[in-house]
Amino acid sequence: MSAFTATGRLTRLALRRDRLQLPVWILSTTLLAAFSISATNEQYPTDADRIAILRTAVDTPALLMFRAAPTGASSGAMAMFQILAFLAVLAAFMSTLAVVRHTRQNEETGRTEMIGATVVGRLAGLTAALLVTVIANAVLAVLLALTLVGYGEPAPGAVAAGLAVGAAGLVFAAVAAVAAQITQTARGANGIAAAAIGAAYLLRGLGDAFGEVQPAGYTITSAWPSWLSPIGWTSQVRPFTGDRWWVLGLSLVFLVAGVGAAFVLTTHRDVGQGLIAARPGPATAAPTLLSPLGLAWRLQRGTLLGWAVTVTVLSLAIGSIGNAVEQGFADNERAAETIGSLSGADGAGSLVDSFMAAMMAIIGAMVAGYLVQALLRLRTEEASGRAEAVLATATSRSRWLGSHLFVVVAGALALLGLAGLSVGLVYGASTGRVGEQVVDLSRAALVQLPSALILAGFAVAAFGLVPRLAVGLGWLGFTLSLVLGQLGGLLGLPEAVRDISPFSHVPALPAAEAAVTPLLVMSAVALALAVAGLVLFRRRNLAT
């Protein structure tokens, strides 16, 4: 028996388990690309239109941080500027979640040990997980290429774009394969992989924001940080502007090195263990742990602390550049329009108010991400069997789930309050109006809560209805809401499509007036989803 015995059968098993999740990821990503290309062609039908907006983009570092370095004025290059980095991020998340699900999560739930008792090679499980992601990314690359060709784009550029996105997915599949060897939990492995994706996106953004504007005035050569990022490599392929195929070799080298490292690491540890061993707890529990609420706080506090540090650092940075935005873009009408579009203020309020509204929307999306991540801990507790042990005591299901909900929602409220306070203090100190800015920006931060709670309610509903799909559905709902709501205006999506996202209904404070009705409706929807999830959880069996 070799180390790869039964790889084929495990691959078929993994494909069967992912027969719903992976098609949803692939089709959603392809539809997003189709929407973006259609909107780009409609909004900027001529080279002159595209060059005009790109001249503004190269002077707007904040926009380059979100998008990519513009490389040309053709319709294909414009579409890549709009969407390529987001497609790479979606492929990355699809791949990391799939690899962790079929490796570390299998070990955590005992499936690997059960399957390993049969005739299965030591490396078969990891190889099967990687083969599944290769297949998924290959299908995604083909569909993206066909979509671009269907919109009349040149075939070589379409193939380059599809391969660039697929290559990004495979790079992060290798990252997830290594992360699955390091930690002892699927949650930890997903956290490492997500941090790697975030770091790669940030590096790409810095490289593009500090890139060199070319003599034509509407294209940029990215700075060196972009070359340190696998997502930056996606942009460096330059689909429709030279099609630099050799850049794909960087992803291939990274993939081979990462998979090789994962194979070596998996042979140097026991099944179920990680390279970083879990620390045993004390022999006796503290009094604060002797209740469901205390246990929920103990389990959730690490996640909350990490998000609190991230939100605080970002908020301090936002507050520190408020004056620079006001002075730097005062005479740049197009940049002001772009910031207004990001904020959803539609021209209401001053430029700095629109900027603050746009930044608060981003913080609101981050807090929604925290809510989804923290509430999906419920599924981890259930799958690991720890929830069953707790529920075998006098603790009811409602109390167990309600304790986690209380801690997580209180954490979201604290994060938003922290963001408003941090931005208000720093920006207020620079304007001499600390008290006024703290109040205004705290209100702008707190109105983000109802939209974030809808995604939290959706995650709870998915957990109650389809627990085995809860993780994928929770993150899919978050991703679609983010793309449709925060970026729908810039992508030119129809208003009816953008309204699907709860982020589209948040008042753009402090640039616009607060509207109470949408906040109440969103709060009611979030409450209904959470109650539905609780009722469904009470009526089903535990799914370990």
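Not measured: the values here are computed from a predicted model. Residue positions are counted from 1 within each chain, in the order its sequence is given. Totals for whole chains, interfaces and linings use all residues, but because this is a predicted model, local features are given only for residues with pLDDT of at least 70 and pairs of side-chain atoms are given and counted only at 80 or more. As a rule here, side-chain values cover all heavy atoms of the structure and leave hydrogens and water aside.

### What to know about the overall build of the chain
Note the threshold: Only DSSP runs of H or I covering at least 4 residues are called helices, and only runs of E covering at least 2 are called strands; the numbering of each starts at the N terminus. For the radius of gyration, the atoms used are the C-alpha atoms, and the globule rule reads 2.2 Å times the number of residues raised to 0.38. Note on classification: 1.4 Å probe, protein chains only; a residue is buried when its accessible area is under 20% of the maximum for its type, exposed when over 50%, partly exposed between these limits. We call two residues in contact when some of their heavy atoms are within 4.5 Å. Note on charges: Lys and Arg go in the positive column, Asp and Glu in the negative column, and His and the chain ends are not counted at all. Positions of charges follow a simple convention, taking NZ of Lys, CZ of Arg, CG of Asp or CD of Glu.
Counting secondary structure elements, the chain contains 25 helices and two strands. Against the globule reference of 24 Å for 544 residues, the chain gives a C-alpha radius of gyration of 24 Å, in line with a compact fold. With 544 residues in all, the chain has 53% of them scored as buried. Across the chain, every contact between residues at least 6 apart in sequence was considered, and the portion connecting residues at least 24 apart equals 77%. Across the chain, 33 positive and 27 negative side-chain charges occur, with their mean positions spaced 17 Å apart.

### Concerning the nonpolar core
One broad trend across soluble globular proteins is that nonpolar side chains are buried collectively. Selection rule: To define a nonpolar core, start from buried Ala, Val, Leu, Ile, Met, Phe, Trp, Tyr and Cys residues and group those joined through side-chain atoms within 4.5 Å.
Ranked by size, the top nonpolar core spans 57 residues in total, and within it Ile-363, Tyr-370, Leu-371, Trp-400 and Leu-401 carry the most contacts. Those elements that provide at least two residues to this core are helix H13 (292-320), helix H16 (351-375), helix H18 (386-391), helix H19 (397-431), helix H20 (434-446), helix H21 (449-465), helix H22 (470-486) and helix H25 (516-539). The element that contributes the greatest number of residues to this core is H16, accounting for 16 residues. Leaving out residues up to four positions away in the same chain, Ile-363 has contacts with Val-311, Leu-314, Ser-315, Ile-318, Leu-416 and Ala-419. One finds Ala-85, Val-132, Val-165 and Val-171 within the second-largest nonpolar core, a separate group that totals 48 residues.

### Let's talk about the domain arrangement of the chain
By convention, interface size is frequently given as the accessible area that disappears when the constituent parts associate. For the record, the criterion: By convention here, the domain bounds are inherited from an automatic or database domain assignment.
Per the domain assignment, the segments making up the chain are domain 1 (7-268) and domain 2 (287-539). One C-alpha centre belongs to domain 1, the other to domain 2; they are set 25 Å apart.

### Regarding a nonpolar patch on the surface
Under the convention used in this document: Candidates for patches are residues over 30% relative accessible area with no salt bridge; among them, like charges are joined within 9 Å and nonpolar side chains (Val, Leu, Ile, Met, Phe, Trp, Tyr) within 5 Å. Residue-level accessible areas treat just the shown protein chains as cover; the underlying method is Shrake-Rupley with a 1.4 Å probe. Take a side-chain nitrogen of Lys or Arg and a carboxyl oxygen of Asp or Glu: if they are within 4 Å of each other, that pair is a salt bridge.
Taken together, the side chains of Leu-15, Ile-135 and Val-139 make up a nonpolar region of the molecular surface, amounting to roughly 210 Å² of accessible area. By the element assignment, Leu-15 lies in helix H1 (residues 7-17).

### Description of the layout of surface pockets
Put simply, the test is: We place a 1 Å grid over just the protein atoms. Points where a 1.4 Å probe fits but has no way out form a cavity, open points with protein on both sides within 12 Å along at least 5 of 7 lines form a pocket, and any residue with an atom within 4 Å of a point lines it. Grid points are joined across faces, edges and corners, and a volume is the space filled by probe spheres set on the points.
In this model, the second largest pocket occupies a volume close to 1,600 Å³. Together, 47 residues line the second largest pocket, and Ala-278, Arg-279, Arg-298, Leu-299 and Arg-377 are the ones closest to its centre. At nine residues, the largest contribution of residues to the lining of the second largest pocket is made by H13. Lining the lining of the second largest pocket are residues from two domains, each supplying at least three of them: domain 1 (7-268) and domain 2 (287-539).

### Side note on the side chain of Ser-442
Following the sequence through the fold, Ser-442 ends up in helix H20. Apart from the residues within four sequence positions on either side, Ser-442 is in contact with Gly-420, Leu-421 and Gln-437.

### Description of the environment of Val-159
Take Val-159: it is sitting in helix H9 (residues 155-182). Distance from Val-159 to Glu-513, taken between C-alpha atoms, is 46 Å for residues 354 residues apart in sequence.

### Describing helix H12 (residues 248-266)
To keep things clear, this is the line we draw: What a helix is expected to span follows from its residue count: subtract one and scale by 1.5 Å. Arc definition: directions from the helix axis to the C-beta atoms.
Counted at 1.5 Å a residue, the expected span for H12 with its 19 residues is 27 Å, and the 27 Å between its end C-alpha atoms agrees. Taken residue by residue, H12 has Leu-248, Ser-251, Leu-255, Gly-258, Val-259, Ala-262, Phe-263 and Thr-266 as its buried positions. When H12 is viewed along its axis, its buried side chains cluster within an angular range of 135° and face the same direction. Residues of H12 that are exposed and point more than 90 degrees away from the buried face comprise Val-253 and Val-256.

### Thoughts on helix H5 (residues 75-102)
Worth spelling out the cut-off: In this scheme, the bend at a residue equals the angle between the axes fitted to the seven residues that finish there and the seven that begin there.
Under the 1.5 Å per step criterion, the end-to-end length of H5 is 39 Å for 28 residues, consistent within 8% with the ideal 40 Å. Maximum bend of H5: about 50°, positioned at Ile-83. Counting buried positions along H5 gives 27 out of 28 residues, so the element sits mostly inside the fold.

### Observations concerning unusual backbone geometry
The amide bond that connects Leu-509 to the next residue, Pro-510, takes the cis arrangement and shows omega of 5°. With respect to the element layout, Pro-510 can be found in the loop between helix H24 (495-498) and H25. For Phe-240, which is not glycine, the phi torsion reads 70° and is therefore positive. Locating Phe-240 in the fold gives a position in the loop between helix H11 (230-236) and H12. Of note, the phi angle at Asp-243 is positive, near 45°, even though the residue is not glycine.

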